[in-house]
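Summary of the model geometry
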Amino acid sequence: MKTTRRQFIKISSLGAAGVAFTSQSVNLMYNQTSTEKTDDLKLNRTPTYCEVCFWKCAGWVHTDKEGNVRKITGNDDDQHSNGRFCPRGTGGIGMYYDENRLKKPLIRRKGERGESEYFEEASWDEAIELIAKNMNEVKEKYGAECVALFTHGSGGKHFGHMLKAFGSSNIAAPSFAQCRGPREVGFEATFGSGVGSPEPLDIRNTKCLVLIGSHLGENMHNGQVQEMSQLIERNGTIITVDPRFSTAASKSKIWLPIRPATDIALLLSWIHILIYENLYDKEYVDKYAYGFEDLKEYVKDFTPEWAAIETSLEPHKIREAAYEMANASPAVIVHPGRHVTWYGDDTQRSRAIAILNAILGSYGRRGGFYIAEKYKVPKFPAPKYPKPRRTWRDAFPGKYTLAKEVVSSGICDATIPLNLTTPGNTCNIKAWIVNGTNLIATLPNIENTLSAIQHLEFMVVVDTMPMEITGWADVVLPENTYIERYDMLRVAKHRKPAVALRMPAVESKYDSKPAWWIAKKLGEELGLNDYFKYESIEEILDYQLKGIGSSLAEMQKIGVKTFERSYDDLYYKDGEDIEFKTATGKIELYSIALEQEGFDPFPKYTKHPQPEEGYYRLNYGRAPMHTFSRTTNNPYLADLMDENSVWINPTVANEWGLENGQRIWLQNQDGIISSFSIKVRITERIRFDSVYMVHGFGHTNKDLKRAYGRGAADTEMITNVMTDPISGGTGMRGNFVTFLTDDPREEAEA
Ligand SMILES: Nc1nc2c(c(=O)[nH]1)N[C@H]1C(S)=C(S)[C@@H](COP(=O)(O)OP(=O)(O)OC[C@H]3O[C@@H](n4cnc5c(=O)[nH]c(N)nc54)[C@H](O)[C@@H]3O)O[C@H]1N2
Ligand SMILES: Nc1nc2c(c(=O)[nH]1)N[C@H]1C(S)=C(S)[C@@H](COP(=O)(O)OP(=O)(O)OC[C@H]3O[C@@H](n4cnc5c(=O)[nH]c(N)nc54)[C@H](O)[C@@H]3O)O[C@H]1N2
Ligand code: SF4
Ligand SMILES: [Mo]
C-alpha cells in the first residue's frame, strides 16, 4: 500500500503536539498536491535539490509568469524524496523571500571584531580584494594552511576547491565532529566502511527497526521517515530506546525509556542474550566475522539483570526486545543514528550497534543494510593541488587518529594558541572562511569558539542570513539562496546510483551571488586562474554530464537521472565471499584498528555522571518544521513554530511549582544563564531526571526580526564537552540545568 501525503504529514506533525497549525501553514504543506491548480496557473518548473537540510531531496521550483515562486515539490524520480517534500523543504520558499536576508557585501571598517554595528556595505570587488589581501598576508607570515574553511552545505565544494588550490586542506564540516563522526569511525572499524548519507537502511523491507535515540518523525530525513511510515502501516515492529517519549516511541511496539547515558550497557546485554541464548546468525558470523569467541567471553557478565541496574529498564523488557530482533533477523535494522556525539564514548556505542547488526546478520541483507551505489562522475580538468605543509592533525599528535574527516572543533581549538602546548605542535590557524555554518550555535562551548575568533587575524563569513556568526566577521558575503543558483551535481549513493541538478529558478534577489561565482572570483584574485578555467559553472556541469551520457540540457528538463542497477546487487548473495576492508578482511567484532591505536577493541561501558539534586540533564533534538538554527526566521516555518519550550516532567514541575506556559530561565552546572526565557511545557513524555528542548532557537542577532529572542539556545547551556578520543566527536549531553523563575538580569540591574 502506498503512503499517502496525508498519512505522511500526519506522521511528520506527530511530534508537534501542541503546535497550532494555522490555515496558512497547512496550505503550505498541502499545496504541492494541487496539480490541477498548477496547470491553471501555467507554472513553470525548474529542477533543484533542497538545501533546507542535508538529505538533499530533489524537486521542482514552480514559478508563475511574474517570476514569483509559488511552491516547491518533490521530483517523482528521486529516491531521496519519492516526489514528496517534508514540511521544511516545502517551506524552503521562505529562505528566498525572507526580507531579513543579507543583501550586500559588508566590511567592518572600524572597531573590534564582534562590533557589527560598524559594518558598512561594500562592492563585491572591494570585498574580494580585501579577503585576498588578508589571505595572502597569512600565507606569507604563517603558511597557506593557516587559513581554514568551515563549511556545511553545497558551497563547500566551491570554497574547498579554492582553498586546496591556495594550499590548505584544513576544511571542516560540523557534520563530522558535531554529528555523525563517531558512527562513521565505529562502522568503519567493524565493517571496513562508514555509513554515509543517506544511510543505506532497507527500512522498506525490514521486519524490525530499532531506534537508539534516533527520533525519526521529528528528525524528518525524508526517505527514511517515509519508509518508517510504511513500516507502521504494515504493522512491522519498531523498538525505540529513548529517555523521552518521542514521536517514534509513540509508534513503537516496545519503548524503552532508558536512563540517559547508559545505552552501551543495554547494547552489551542484547549482544549477551543473542549469543548466550543462541539466537544470533551463526552461519553469517562463522563466514564473515572475526573475533566471535573473544566477544562471547567479553560479554559473559553483561546479563540483562546487570544492564537493568545501569539503565533502569526491566530485565524482561530487555529480553523481549532482543527476541523481537532475533525473530526478524536478518531483516532487522539497529539504526546507526545520525547525531551521535552524546557522551564522549560515542564511537564505542556505535561499535556496539555495529556488532549487534553483525551478529543479527543484517549487514548486506534484505531488510537490513543494503549495499548502496554512487555514480562515478568525471572531474572537470584542473591542475593538481599543492601539498599543504601541515594539516590540523599536526596540532593534535596521536589524537583522533581514526577520524577520516577534519574535526571542526579541532580546527577551532588549533586557533587558540594556549591550546597548542603539546610538543611538536606547529599548526596554528590564523584566518577562517566560514560558509553556511552558524558556528556560534553549532560548536559546543561558545566561550571557546569566541576565544578562537578573537585570536584570528581575519574572518570572512559567507551566509544568506544575518546570523550570530556573521556578527563576528570582518567581511560578510551574501550568498543567494539555493532557489536562485547553480551548484555542483548531487551525486549521492542510494539503491540505484543517481545524479540531480540544481539550477536557478528565479533571478537573484539583492546583490547576492552564488558560491561558485564567489570562489572563482576570489581564486582569480589570488592568482589561481589555472584552477578556474571556465566561464561559468554551466561549463563544468555540461562536461560532467556529457561524461555520463547526459547533458546539462537534458538535466534541465528532468532534474534527476537514475541509472539502472540489478536489485540482486543490493544484497550479499547466499554464501558469497566478501572481502571487508578491515585488517582481517572480515567483519571485526574484535577491532584490530582500535586496538592498534590503543583503544578498547570491544565496546566499553563507562558510567557517566548523573544530575545532582535540583539539576536535570539537558536533552535536545529536532522539531519537524525546523532545521537547526537556519529556519527559525523563515516566515513560513516560523509560522508553524516560533519558539521552543522546555519539556519538564510533571513531578518535577510540581516540586518547583511550575505551570504550563510559564517563562523561566535556564542555568547550567557552570553557572551560565540562558540569554532569554523559555516557556515551560509540562509533560509525562520526558523522564524526571532530564529536560528537553528543540535546538536552533534563542537567536541573539537582532537583525533576525522574527527569531531574535524567541526561545532559548541549547548551545548556551553546553559548556561541558566530552570529546571522544577516537573520533574527535564533541559529546554534548553531559550538561545539567536548573531553573530560574525570576528574570536574573532584572535582579542584576536592581
Ligand atoms: N547545541 C547543539 N549543537 C548542534 C546540534 C544540536 O542539536 N544542538 N546539532 C549538530 C548537528 S547534527 C549538525 S549537522 C550541525 C549543523 O550545523 P549548521 O549547519 O551550522 O546549522 P545551522 O545552525 O542551520 O547554520 C547554518 C548556517 O548556514 C546558513 N545558510 C543556510 N543556507 C545557506 C546557503 O545556501 N548558503 C550559505 N552560504 N549559507 C546558508 C544559515 O543562515 C546559517 O547561518 O550542528 C550541530 N550542533
Ligand atoms: N526536522 C529536522 N530533521 C532533521 C534535522 C533538523 O534539523 N530538523 N537535522 C538532521 C540532522 S543533521 C541530524 S544529525 C539528525 C539528528 O537526529 P537523530 O540522529 O535522530 O537524533 P539525535 O539528535 O541523536 O537524538 C535525539 C533523540 O535522542 C534522545 N536521547 C537523548 N539522550 C539519550 C540517551 O542517552 N539515550 C538514548 N537512547 N536516547 C537519547 C532524545 O530524547 C531525542 O529523542 O536529524 C536530521 N533531521
Ligand atoms: S528532508 Fe526536507 S528539508 Fe531535508 S532535503 Fe528533503 S525536503 Fe529538504
Ligand atoms: Mo547532523
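The rules behind these values
Residues numbered from 1 in each chain as written. Chains lettered and ligands numbered in written order. Predicted model: local features only at pLDDT ≥ 70, side-chain atom pairs only at ≥ 80, totals over all residues. Heavy atoms only, no water. Helix = DSSP H or I, 4+ residues; strand = E, 2+ residues; numbered from the N terminus. Buried < 20%, exposed > 50% of the residue type's maximum accessible area, 1.4 Å probe, protein only. Contact = heavy atoms within 4.5 Å. Areas by Shrake-Rupley, 256 points an atom, 1.4 Å probe, with all protein chains shown as cover. Lys, Arg positive; Asp, Glu negative; His and termini not counted. Charge placed at Lys NZ, Arg CZ, Asp CG, Glu CD. Near = heavy atom within 4 Å. Nonpolar A, V, L, I, M, F, W, Y, C, P; charged D, E, K, R; others polar. Domains from an automatic or database assignment. Axes fitted to C-alpha atoms, helices over the stretch in contact; angles between N-to-C directions. Left-handed = near helix turned anticlockwise from the far one by under 90°. Pairing = 2+ DSSP bridges. Buried area = accessible area lost by both parts, 1.4 Å probe. Salt bridge = Lys/Arg side-chain N within 4 Å of Asp/Glu carboxyl O. Polar contact = N/O pair within 3.5 Å; in protein donor to acceptor, adjacent residues only side chain to side chain. Core = buried A, V, L, I, M, F, W, Y, C linked by side-chain atoms within 4.5 Å. Phe/Tyr/Trp six-rings, centres within 6.5 Å; stacked < 30°, edge-to-face > 60°. Expected span 1.5 Å × (residues − 1). Bend = angle between axes of the 7 residues up to and from the residue.

**With respect to the overall build of the protein**
Secondary structure assignment for the protein yields 27 helices and 27 strands. Principal axes of the C-alpha set define a box for the protein whose edges measure 70 × 70 × 65 Å. For the protein, the proportion of its 750 residues judged to be buried stands at 62%. Partitioning the contacts of the protein with sequence separation of at least 6, the portion at a separation of at least 24 is 74%. Here the protein displays about 28,300 Å² of accessible surface, and carbon together with sulfur accounts for 48% of that area. Where the 90 positive side-chain charges of the protein centre and where its 98 negative ones centre are 4 Å apart.

**Remarks on the site of ligand 1**
Around ligand 1 there are 30 residues in total, and H152, T437, D463, E479 and S629 lie nearest to it. Relative to its free-state accessible area of 930 Å², ligand 1 is covered by the protein chains to the extent of 98%. With 3 residues, helix α8 (residues 174–191) is the largest single contributor of residues to the shell around ligand 1. Classifying every residue of the shell around ligand 1 by side-chain character gives 11 nonpolar, 12 polar and 7 charged. Per-domain counts for the shell around ligand 1 show at least three residues from each of domain 2 (101–169 + 392–479 + 514–532) and domain 4 (616–749).

**A short note on the packing of helix α6 (residues 124–141) against helix α7 (residues 155–166)**
Two packed helices can be described by the angle between their axes and the distance between those axes. At their nearest, the axes of α6 and α7 sit 12 Å apart, and the two run at 40 degrees to each other. Note that α6 runs across α7; the crossing there is right-handed. Every residue of α7 that contacts α6 at M135, N136 and K139 is listed here: M162, L163 and F166. Each residue belonging to the contact of α6 with α7 can be placed in one class, and the counts come to 4 nonpolar, 1 polar and 1 charged.

**Some points on helix α20 (residues 515–525)**
Turning to α20, its buried residues are A515, W516, I518, A519, K520, L522 and G523. Against α6, α7, β14 (458–463), β15 (475–478) and α21 (537–546) lie the buried residues of α20. Two residues or fewer past α20, G527 is found with a positive phi of approximately 80 degrees.

**Points about the sheet that holds strand β16 (residues 490–492)**
An order of β16-β17-β18 is seen for the 3 strands of this open sheet, with the pairing classed as antiparallel. The open sheet has two edge strands, β16 and β18 (560–562), and neither has a second partner. Across the sheet, the axes of successive neighbouring strands diverge by a mean angle of 15 degrees, strand direction being ignored. By the bridge criterion, 3 bridges tie β16 to strand β17 (residues 498–500) in an arrangement that is antiparallel. Following the sheet pairing, R490 is matched in β17 by A500.

**Some words on the environment of P444**
Position of P444 relative to the elements: it lies in the loop between α18 (439–442) and α19 (446–455). The buried category is assigned to P444, whose relative accessible area is 8%. Through-space distance from the C-alpha of P444 to that of F380 is 37 Å; in sequence the pair is 64 residues apart.

**Quick word on the domain arrangement of the protein**
Domain boundaries in the protein define domain 1 (5–97), domain 2 (101–169 + 392–479 + 514–532), domain 3 (192–372 + 572–596) and domain 4 (616–749). For domain 3 versus domain 4, the distance between C-alpha centres works out to 30 Å. Across the interface of domain 3 and domain 4, roughly 1,900 Å² is buried in total on both sides, 54% from carbon and sulfur atoms. Across the contact surface, domain 3 and domain 4 share 0 salt bridges. Taken together, the links from domain 3 to domain 4 amount to 10 residue pairs in polar contact (both at pLDDT 80 or more). It is helix α16 (residues 346–359) that contributes the most residues to the side of domain 3 that touches domain 4, 3 residues altogether. By residue class, the composition of the side of domain 3 that touches domain 4 is 10 nonpolar, 11 polar and 4 charged.

**Looking at the site of ligand 3**
Taken together, the residues surrounding ligand 3 are C50, V52, C53, W55, K56, C57, F85, C86, R88, G89, M220 and N222. Looking at the shell around ligand 3 residue by residue, the classes come out as 8 nonpolar, 2 polar and 2 charged.

**Examining the nonpolar core**
L256, W270, L295, M325, L356, I359 and L589 are the most contacted members of the largest nonpolar core, which totals 70 residues. Sort the elements by how many residues they give to this core and helix α11 (residues 263–276) lands first, with 10 residues. Apart from residues no more than four positions distant in its own chain, L295 is found in contact with I271, I275, I355, I359, L589 and F602. Counting 50 residues, the second largest nonpolar core, distinct from the first, contains M135, A515, I518 and Y534.

**Regarding the sheet that holds strand β3 (residues 69–74)**
Here we have 3 strands laid out as an open sheet, ordered β1-β2-β3, and antiparallel in their pairing. Here the strands that pair on one side only, and so sit at the sheet edges, are β1 (44–49) and β3. Sheet twist, expressed as the average angle between the axes of neighbouring strands with direction ignored, equals 25 degrees. Pairing of strand β2 (residues 58–63) with β3, which is carried by 5 bridges, proceeds in the antiparallel orientation. Following the sheet pairing, H62 is matched in β3 by K71.

**So, the packing of aromatic side chains**
Taken as a whole and assessed by the stated rule, the structure comprises 31 aromatic pairs. An angle of 85 degrees between the planes, with centres 5.6 Å apart, marks the rings of F380 and Y534 as edge-to-face. Taken as a pair, F380 in the loop between α16 and α17 (408–413) and Y534 in the loop between α20 and α21 lie far apart in primary sequence, 154 residues in all. Here the aromatic rings of Y572 and F580 are separated by 6.1 Å at their centres, their planes lie at 85 degrees, and the arrangement is edge-to-face. As far as burial versus exposure is concerned, Y572 and F580 are alike and both buried. The structure contains a cluster of three or more aromatic residues connected by ring pairs, namely Y290, Y298, F302, W306, Y590, F602 and Y605.

**Topic: the environment of Y590**
Locating Y590 in the fold gives a position in the loop between β19 (587–588) and α23 (592–596). Y590 sits in the buried class, given a relative accessible area of 16%. Distance from Y590 to D639, taken between C-alpha atoms, is 50 Å for residues 49 residues apart in sequence. With residues near it in sequence (within four places) discarded, Y590 still touches Y290, G291, D294, R351, E595, P601 and F602. Within polar-contact distance, the side chain of Y590 engages the side chain of E595 at 2.4 Å.

**Some words on the side chain of N633**
Here N633 shows up in the loop between β20 (616–621) and α24 (635–640). Here N633 falls in the buried class, since its relative accessible area comes to 3%. Those residues within four positions of N633 in sequence are excluded, and the remaining contacts are D98, N100, M465, L704, K705, R706 and A707.

**Notes on α8**
Taking 1.5 Å per residue, 18 residues should reach 26 Å; α8 reaches 24 Å between its end C-alpha atoms and fits that length. Taking the largest bend as the criterion, α8 deviates by roughly 85 degrees, centred on R180, and proline P182 comes between one and four positions later. Within α8, 17 of the 18 residues are buried, which leaves the element mostly enclosed by the surrounding structure. Where α8 ends, the next residue or the one after it, G192, has phi of about 85 degrees, a positive value.

**Structural notes on unusual backbone geometry**
Negative phi values dominate among residues other than glycine, just as trans dominates among peptide bonds. Between S197 and P198 the backbone carries a cis peptide bond, its omega angle lying at -10 degrees. Among the structural elements, P198 can be located in the loop between α8 and β8 (208–212). Here S329 and P330 are connected by a cis peptide whose omega angle stands at 5 degrees. Topologically, P330 is positioned in the loop between α15 (315–328) and β12 (332–334). Phi is positive for N82, close to 50 degrees, though the residue is something other than glycine.

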